[in-house]
Structure formats: C-alpha cells, structure tokens
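# Residue-level structure breakdown
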Amino acid sequence: RRVLHRDRAGNMAAKSKGKSLSCFGYPLSIFFIIINEFCERFSYYGMRAVLVLYFKYFLQWDDNLSTAIYHTFVALCYLTPILGALIADSWLGKFKTIVSLSIVYTVGQAIMAVSSINDLTDHNKDGSPDVVTVHIALSMIGLILIALGTGGIKPCVSAFGGDQFEDHQEKQRSRFFSIFYLSINAGSLLSTIITPILRAQECGIHSKQRCYPLAFGVPAALMAISLVVFIVGSGMYKKVKPQGNIMIQVSKCIGFAIKNRFRHRSKEFPKREHWLDWASEKYDKRLITQTKMVLKVLFLYIPLPMFWALFDQQGSRWTLQATTMDGNFGAIQIQPDQMQTVNPILIIIMVPVVDAVIYPLIKKCKINFTPLRKITVGMFLASLAFVAAALVQVQIDKTLPVFPAAGQSQIKILNLDASGATVKFGSQIQDVTVEPLQSTDYMTFETSQLPSLSITYGNISTVLNTTLAEENRYTLGIKNVQNNIVSKLLSDGITSKPEEGNNLIRFINNLGENVHITMADTSFGTLVPLSASNYS
C-alpha cells in the first residue's frame, strides 16, 4: 500500500493549494495526526483490554461465548478497513472519511460506557442488572459502531500523514512512519496498563461493583480528544481529492488479464512472460508491474492468518487463563487484563535490541538470515509460546475443583461435634465415618440415588430427607445437641474456581450464642447458632 501511495501522494500533494507550515523540517500538520493516532490507539486498546472480562463477569457469558464474540469483534475491526479505503479513495477523501467515521467511533465508545453502568437497570438495587438484554443490546450496538470507526479510519490516517510531505522530504516521511508506529505502541502500552486498573476499582450508585463504566469511559474520552485534535489541525492539512480506489483498479486489472488470456487461449497466440501481461491492452505497464509485486507479497501472507489467530489470544484465552492465577507479586498486583501490556513493552525493547545486536551478530557468523527466514523463526517462536501456555494450563488444571456434571450432586460432611459420626447414603453406597470436628472432601453421587441419608452418633440415629438439585454442591453440617441430632444442609452455590488466586470463605457458627464476624474490611454479618454466612 505504501509503495502505491507514495507515488500518488507526491504528485497529488503538489496540486494541493496553499503552503504548509513546518517545524524542524516537518509539516506542522503531522503533529496533530500523531497525537490523534496516539489517542485513538489508547481508546481502542484500552477498551479491548477489558472487553473479554466485561463479557464474562458483567454480561455473565461463559468463557467460550466471551471468546467467540471477542474474536468476532476483532475480525470485524480488520475487515472494515476495506470499506474505509473504498469510501476515502472513491467518495469522501481521507480527511472527511477520518472525521466522519471518528464521530461514529466516539459514539460507539460512549454507548459501550453507558452499557456497562450497572445501575441502569438495577431497579431492585441488589448489585446486578435486572434486564441484562438491555446491556447486551447496547454493547453490541457500541461494538459494531467501534468496529466501523476504527476499521474505517485505519487505512486512511497513515496515508493521510504521508500526503503532508513533498517529494523531496522522503527522509522526513520515513521518520514520520517510525514515529507514527511508536505512537501506536505508546498508546497501546499506556492503555493496557491504565484501563485494567480503572476496571479493578469499585464504583456504583446503589452498590459497589467493578468499575467498567470508568474503564470504558476513559477510552471514550480519549477518542473524543482524538477527534477534536484532528479537526483543530484542519486548516494546515494538504487534502488530496479522491482519485479512485487502487484496490478496485488492481481487481479490474487482474480480472481483465484472466478474461483476455481465456479469449486468446489457442496456440496461434504467442505466450507472454507473465499471465498479468495479458492486461497490457487496457492497463499501463506501471499498474501491471505493481500488481505483480502485490501478488508476490500476498503469497507470503498465506501463513499469517494462523499467526494472528494465535497472537490475538492474548486478549481472550490468555486473559481468561490469567483470571485463574494469582497476580499478587507483593508490592505489585497484576490484573488479568494487564498481561497484554507485555506485548508493547517487548516490542519497544526487542526491536532495537534485535536490529542493533542480534542481526549484526548473525551476519558476522556469515549466516544468510533472509527476511523469509526471519518470518519462519518468528512463527516457530510464536508456536513455542503456545506450548508454554499449554504447560501453564496443565498446572492450573491440577488446582481446579471437579464440579458435578448433569445428573450429579456433591456433598461434603462437616462434623461440628466433639464425637465421631457415621453417615449412611444407602445400601449401594459405602458408609462414611467423620472424625470429631473434621470434614470430608466433596463426594459425588447420582442425584436420584440420594432421596435420604442416615446420620448416627453412637446409639442415636436420625434420617434426613434430601431434595438436591443437579450440578450443585452442598455442605451438610451435623451435630449432637443433648442427644438430639441437628443437621443443616447448605447449598454452596459455587460453580467455578475463585478468580485471581482468591479464596472463597464463609463461617458456620458452632457456638451456643450469636456472633458477629468481620474479616479485614468484610463483614459476614451476625450469625445465630448453627447458621452459616454467605461466601465472600
């Protein structure tokens, strides 16, 4: 794209009216473009960093649906640049396209921020939205608008920056693209550090929840700033009129070459050096030559979808994997969605190290390390990264509790008495003996096999009729109170391992009086004898 763009930009820029202001030999207008790109990338990557956790915890989607919708959104963001390029080159021009779609983008970010406000539909003030479909609908509208906006301006901003330079400013143009790329990574780095911190805060009117409105609101504000900054520089820009979309021209050239070759397929017509040369009757040699170059490059792109399919797992599966791990490093608490910060940090560190140290060393060893070999090694290392992630997951799986499947229930017996007890589950199930003031592990049973169970302390027995729900865990607390067996069947309500390395804790009052329990800043309330608090 840049090869085709530079040839056009030089000729067209000369036709633009007015003389651009300069600063240190650079057009002043490019500083507005770089600031615009920094803010826009902060907005996009900041929103995307917390997106999969928003799906999982706020919208209450499972991991698979959260991952699928996340990647559908990312795919849409990388498909819409085709639409943006067509609009810019064939109709509105780059400047108007950027402004128009940035407005759409800003509105989308604002809708996402509104969709994450818990109190919007929390009419009973219990801390969870009453009408989740409203939040889902707003989120989908917001994400579609964001995808149209970010994708639509993606092919325009860098090319518009290139338009600002004259033919003799090739060196400055090259440096501009380097600074432009740096601004992308700087925006990505800062946003993936800051927005997860904002998400981890607690906010709300009626109840305190994870602060997704702030995590989405700050990127929305940055996108608004990006739009304002870009419009402020309007008077300084060189605005090249639309000249037709190059992709349409290339497609027509390829189509004509195929059709013309088919018409002249008989042996009486001499062969041509390349099948694209059959387009020479209608298209100039320059376009045909550049189209040949594009097709050669496209051949190298065949394995790239697999690389990006792996790379973008950072924002979905790897983030979800991080939620099952402990991010506490003493003085530093790493949020699961901050793991993506490592990527821009390593880019900023490794690019100069590789260029200045590793590649020169390889060259000194007289190894011909061609670009194709670099790509191959890079993809091999990317595959090793997923081997590492798989090994981590194997260790995580060892810590995961096994929950009951469909048709099953689990029970843990908690003996609250100073003497041993025996629990009988039925004739076909082995009896369980529970030591004084001890508990068993969770035991899995077919739900239909447990209509009742028998509890025995010494010579005293009682039968407890049970009504268990499938796929649920229960704790059965038992105690002998003055030769009267008291039992308490508690539904645990836990279906997954606690997040971020935390523990789930609850208290059972085994004393003969009411007690009020607090742990750090968490209050478990007042418990009457043989009652249990909720998990926290």
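Reading the values: the criteria
Residues numbered from 1 in each chain as written. Predicted model: local features only at pLDDT ≥ 70, side-chain atom pairs only at ≥ 80, totals over all residues. Heavy atoms only, no water. UniProt positions renumbered as here; feature names shortened; annotations may be inferred. Helix = DSSP H or I, 4+ residues; strand = E, 2+ residues; numbered from the N terminus. Disulfide = S-S within 2.5 Å. Buried < 20%, exposed > 50% of the residue type's maximum accessible area, 1.4 Å probe, protein only. Domains from an automatic or database assignment. Buried area = accessible area lost by both parts, 1.4 Å probe. Salt bridge = Lys/Arg side-chain N within 4 Å of Asp/Glu carboxyl O. Pairing = 2+ DSSP bridges. Axes fitted to C-alpha atoms, helices over the stretch in contact; angles between N-to-C directions. Parallel < 35°, antiparallel > 145°, perpendicular 65-115°, else oblique. Left-handed = near helix turned anticlockwise from the far one by under 90°. Nonpolar A, V, L, I, M, F, W, Y, C, P; charged D, E, K, R; others polar.

If you look the protein up in an unreviewed UniProt entry, it shows as Solute carrier family 15 member 1 from Hypotaenidia okinawae. The record in UniProt for the protein states the following under Sequence similarities (unreviewed entry): "Belongs to the major facilitator superfamily. Proton-dependent oligopeptide transporter (POT/PTR) (TC 2.A.17) family."

## As for unusual backbone geometry
Trans peptide bonds make up most of the peptide bonds, and negative phi angles are found at most residues other than glycine. Look at Gln60: it is not a glycine, yet its phi comes out positive at around 60°. Mapping Gln60 onto the fold places it in the loop between helix H3 (51-58) and helix H4 (63-92). The residue Gln482 is not glycine, and still its phi comes out positive at about 55°. As for its placement among the helices and strands, Gln482 is situated in the loop between strand E13 (472-481) and strand E14 (484-491).

## Some remarks on the state of the cysteines
Per the counting criterion, the structure on display carries one disulfide. Here Cys203 pairs with Cys211 through a disulfide, and the sulfurs are 2.1 Å apart. The S-S bond linking Cys203 to Cys211 shows a torsion near 105°; that makes this disulfide right-handed. Accessibility expressed as a relative area gives 23% for Cys203, which makes it partly exposed. We classify Cys211 as buried; its relative accessible area is 5%. Of the cysteine sulfurs around Cys39, a residue in no disulfide, the closest is that of Cys156, at 18 Å. The class for Cys39 is buried, based on a relative accessible area of 5%.

## Side note on the domain arrangement of the protein
Examined at the domain level, the protein breaks down into domain 1 (20-244), domain 2 (402-496) and domain 3 (497-535). Of note, the centres of domain 2 and domain 3, computed from C-alpha atoms alone, are 21 Å apart. Interface area, domain 2 with domain 3, both sides summed: about 940 Å², of which 60% is carbon and sulfur. Between Arg506 and Asp492 there is a salt bridge, and its shortest N-O distance comes to 2.8 Å.

## Quick word on the sheet that holds strand E8 (residues 421-424)
Here we have four strands laid out as an open sheet, ordered E9-E8-E11-E12, and antiparallel in their pairing. The sheet is open, and its two borders are formed by strand E9 (432-434) and strand E12 (460-465), each paired with just one other strand. Looking at each pair of strands side by side, their axes are set apart by 20° on average, direction ignored. In this sheet, strand E11 (residues 452-457) lies alongside E8 in antiparallel orientation, the contact comprising three bridges. Note on E11: the bridge partner recorded for Lys424 is Ser454.

## Concerning the packing of helix H5 (residues 94-115) against helix H6 (residues 132-163)
At their nearest, the axes of H5 and H6 sit 7 Å apart, and the two run at 150° to each other. With respect to each other, H5 and H6 are oriented roughly antiparallel. In this structure, H5 meets H6 at a crossing whose hand is left-handed. Broken down by class, the residue content of the contact of H5 with H6 amounts to 20 nonpolar, 11 polar and two charged.

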